[in-house]
Amino acid sequence: MLWYKMWRESRIRFAIGAAALLWMCALVVALQQRVRARADEPLSYARYIWAAVYKANVLDLFILLVIVLGLGGVLQERAQGTAGFTLSLPVSRWRLVSARASMGLIQVALLALLPALLIPLLSPFFGEAYSFARALQFSALWAGCGMLVFAMAFFFSCVLPGAYSPAVASVAGLLAYSVLADLSWLARFPALDLFGTMHGAQLSVQAAPTLASFAAPLPWLALGLYAGIALGLIGAAGSVVARRDFS
Amino acid sequence: MTDDPIIETRGLSRRYGRVEAVRDLSFTVERGQITGFLGRNGAGKSTTIKMLLGMIRPTAGTGRVLGYDIDDPVQSVQIRRRIAYVGEDKGLYGYMSVGELIRFTRSFYPDWQPQIEARLLQDYQLPLGRKVKAISKGMRTKLALLLALARRPELIILDEPSEGLDPVSIEELLQALQEIRAGGTSVFFSSHQLSEVEQIADRVLMIDHGRLVMDTLLSNLLNNYRNITVEIAAQEPMPAFSLAGVERTRVTGRQARVLASSNVEGIVDYARALSATVQVTPVNLREVFLDMVRDTT
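These figures come from a predicted structure and were not determined experimentally.

J.: Honestly, the environment of Gln137(A) in this entry has me stumped. Any pointers?
T.: Along the chain, the position of Gln137(A) falls in helix α8 (residues 132-159). Along the chain, Gln137(A) and Gly200(A) lie 63 residues apart, while their C-alpha atoms are 8.6 Å from each other.

J.: Sorry if this is basic, but what is going on with the packing of aromatic side chains here?
T.: Centre distance and the angle of the planes are the two values used to describe a pair of aromatic rings. As enumerated under the stated definition, the model contains 17 aromatic pairs over all chains in all. Ring centres of Phe155(A) and Phe156(A) lie 5.8 Å apart, and the angle between their planes is 65 degrees; on these two criteria the pair is classed as edge-to-face. With a centroid separation of 5.6 Å and an interplanar angle of 10 degrees, the aromatic rings of Tyr93(B) and Tyr95(B) are classed as stacked. An aromatic cluster of three or more residues is present, and its members are Phe85(A), Tyr93(B), Tyr95(B), Phe104(B) and Phe108(B). The ring centre of Tyr16(B) lies 4.5 Å from the NZ or CZ of Arg14(B), which sits over that ring. Lying over the aromatic face of Tyr109(B), Arg151(B) brings its terminal NZ or CZ to 3.6 Å of the ring centre.

J.: What should I look at first to understand the pattern of salt bridges in this one?
T.: A side chain with one charge can pair with a side chain of the opposite charge if their charged atoms come near. All names here are of chain B. Following the criterion strictly, the structure yields 18 salt bridges over all chains and no others. Glu 154 is the salt-bridge partner of Arg 31, the closest N and O atoms lying 3.5 Å from each other. Highlighted residues: Arg 31 in the loop between β2 (19-29) and β3 (34-38) and Glu 154 in the loop between α5 (137-149) and β7 (155-159), separated in sequence by 123 residues. The partner of Asp 291 in a salt bridge is Arg 257, with the nearest N and O atoms 3.8 Å apart. In this pair, Asp 291 sits in helix α10 (residues 285-293) while Arg 257 sits in strand β13 (residues 255-260), placing the two residues 34 residues apart along the sequence. For Asp 291, a relative accessible area of 6% corresponds to the buried category.

J.: Teacher, can you tell me more about the sheet that holds strand β12 (residues 246-252) of chain B here?
T.: What holds strands together in a sheet is hydrogen bonding between their backbones, with the strands either parallel or antiparallel. All names here are of chain B. One open sheet holds the four strands; their spatial order is β12-β13-β11-β14, and the pairing between them is antiparallel. Only two strands of the sheet have a single partner each, and these edge strands are β12 and β14 (277-282). Strand after strand, the sheet turns through a mean of 20 degrees between neighbouring axes, direction not considered. Of the strand pairs in this sheet, β12 and β13 are connected by six bridges, and their pairing is antiparallel. Residue pairing for β13: Thr 249 is matched across the bridge by Val 258. Docked against the sheet, α10 engages β11 (226-231), β12, β13 and β14, running at close to 75 degrees with respect to β12.

J.: Can you walk me through the side chain of Lys50(B) in this structure?
T.: Mapped onto the secondary structure, Lys50(B) falls in helix α1 (residues 45-52). The side chain of Lys50(B) sits in the buried core without any salt bridge; Glu88(B) is the nearest counter-charge, 5.4 Å away. For Lys50(B), the contacting residues outside a window of four places in its chain are Phe246(A), Ser247(A), Met55(B), Ile56(B) and Tyr85(B).

J.: Got a minute to help me understand the interface of chain A and chain B in this structure?
T.: When the parts of a complex come together, some accessible area is lost, and that lost area is often used as the size of the interface. Across the boundary between the two partners, chain A contributes 23 residues, which contact 27 residues of chain B. Across the contact surface, chain A and chain B share two salt bridges. A salt bridge links Arg14(B) to Asp245(A), with the nearest nitrogen and oxygen atoms 2.6 Å apart. Inspection of the chain A/chain B interface yields 14 residue pairs in polar contact (both at pLDDT 80 or more). Every element with two or more residues in the side of chain A that touches chain B is listed here: α1 (2-30) and α6 (83-87) of chain A. Classifying every residue of the side of chain A that touches chain B by side-chain character gives nine nonpolar, seven polar and seven charged.

J.: What am I meant to see in the pairing of strand β9 (residues 203-208) of chain B here?
T.: The two faces of the sheet receive side chains in turn, since in a regular strand these alternate between them. Residues and elements named next belong to chain B. Among the six residues of β9, six are classified as buried, and the element is accordingly described as predominantly covered. Neither face of β9 is open: one carries Arg 203, Leu 205 and Ile 207, the other Val 204, Met 206 and Asp 208, and all of them are buried. With four bridges connecting them, β3 and β9 associate as parallel partners. Within the sheet, the bridge partner assigned to Phe 37 lies in β9 and is Leu 205.

Calculation criteria
Residues numbered from 1 in each chain as written. Chains lettered and ligands numbered in written order. Predicted model: local features only at pLDDT ≥ 70, side-chain atom pairs only at ≥ 80, totals over all residues. Heavy atoms only, no water. Helix = DSSP H or I, 4+ residues; strand = E, 2+ residues; numbered from the N terminus. Phe/Tyr/Trp six-rings, centres within 6.5 Å; stacked < 30°, edge-to-face > 60°. Lys NZ or Arg CZ within 6 Å of the ring centre and 35° of its normal. Salt bridge = Lys/Arg side-chain N within 4 Å of Asp/Glu carboxyl O. Buried < 20%, exposed > 50% of the residue type's maximum accessible area, 1.4 Å probe, protein only. Pairing = 2+ DSSP bridges. Axes fitted to C-alpha atoms, helices over the stretch in contact; angles between N-to-C directions. Contact = heavy atoms within 4.5 Å. Lys, Arg positive; Asp, Glu negative; His and termini not counted. Polar contact = N/O pair within 3.5 Å; in protein donor to acceptor, adjacent residues only side chain to side chain. Nonpolar A, V, L, I, M, F, W, Y, C, P; charged D, E, K, R; others polar.

If you want it as structure tokens, here you go:
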């Protein structure tokens with residue numbers, strides 16, 4: 001039933017996030033003709049979707065939604081007065097942390113999957129086609145990179161008290177990361193470029209893959225690295241919660 | 001059932017920076033008793049309770065609940081599995097309905113008693129379908145009590161349980177606590193309401209500025225404790241009442257009020273030897289509490 005608690009606490013945020021993401025994707029598809037007609041140079045539909053969804057507006061929204069999903073937890077419950085009840089349950093603090101982290105990671109993966117479900121389905125209604133396998137590739141990138149963004153917000157929500165400070169720290173952390181990633185000595189390691197990996201620019205210029213081969217060109221080294229760092233951050237958060245006093 | 005104390009602390013202390021919230025607290029709580037834990041606001045009652053539940057770590061000393069070490073995270077889970085707790089703020093998940101919260105809580109306890117749940121639901125008239133955030137504070141308190149009482153815990157710890165309840169509900173609560181004690185559950189509760197403690201407690205622990213200032217059976221307190229008012233002649237200096245049985249002495253002008261826990265006759269004889277006027281009166285819990293927690297001279 002811990003899962004149920006975690007779901008109940010985050011389901012409104014998740015539902016609003018999913019609705020916003022679907023709405024943005026639908027808008028991008030619906031307005032494709034008008035926007036592409038005003039482009040400076042001819043823009044293929046696949047390129048247009050990449051630019052509008054996977055590189056810019058919708059991606060920014062996804063990152064913000066992932067940060068929002070990372071917020072919450074026992075430290076935030078203290079402000080609501082429910083921490084005492086939660087901590088009196090016969091479960092370890094590690095279990096509380098891992099249940100919340102697992103629920104959050106599942107929700108991040110589901111959010112990442114939404115464009116892959118909507119865009120290929122909706123495109124034919126506007127006279128276009130978009131490869132499901134290609135969309136799935138970008139979803140995998142979003143899910144993998146989103147995991148790290150979520151873990152960062154999750155970590156701050158376990159360390160910093162207050163409703164807004166974890167969100168502010170997460171945004172500041174990502175901005176700092178993007179500045180660092182642009183430094184020349186770090187640019188030599190593309191696996192460290194979280195946003196570059198998330199954009200998937202190299203995928204956008206390749207021919208659409210088949211479903212059977214969609215996983216092959218993904219940057220698995222980078223995704224594995226992010227997964228490792230994310231698990232490390234979640235572990236650190238769990239360690240902080242396990243040792244913290246809740247007076 | 002063993003004869004080991006259900007709660008045992010030795011030198012338990014908790015410091016926040018320079019503030020010592022709990023200092024060198026040593027006490028035992030016996031099984032099958034209702035123990036009232038008294039103290040002023042900020043005396044250290046809630047900090048002590050939270051240490052017992054593993055929410056706060058002691059900075060010194062040890063504590064055991066049901067034989068489990070309170071400072072060991074794994075053993076702390078065992079403590080929480082076998083006891084019930086009603087917190088001071090009765091903070092429950094406002095986004096769940098009453099029925100959902102009951103089902104949620106039930107899932108953690110194999111010793112849940114559906115018949116007690118049904119009876120308490122009827123007694124407290126809780127609206128199953130209503131969101132917890134939409135019910136009154138009194139109803140929330142009743143719901144928190146239901147979640148604690150609808151099991152067969154070996155110990156129930158309550159932090160200010162009657163806060164927010166109307167007089168009828170308080171009476172029902174006190175009755176319920178006596179009933180569960182009769183069923184074999186030990187009760188440990190903190191309260192500001194001295195009359196409640198006096199009504200149901202077997203034992204009284206009193207804490208002030210983080211220190212234990214009294215640990216006695218209530219019957220012992222009511223039968224043996226006495227206020228001895230000593231008025232000495234103007235020319236005589238006020239003596240120091242450092243005698244066995246003297247708990248507190250309060251001096252006002254030529255008058256001294258001595259709170260004695262025993263040796264009343266010896267103290268009276270001592271005072272009379274000074275040609276003082278002596279008056280002995282029985283005490284109640286309220287008087288003892290005020291004597292204990294007020295600054296003494």
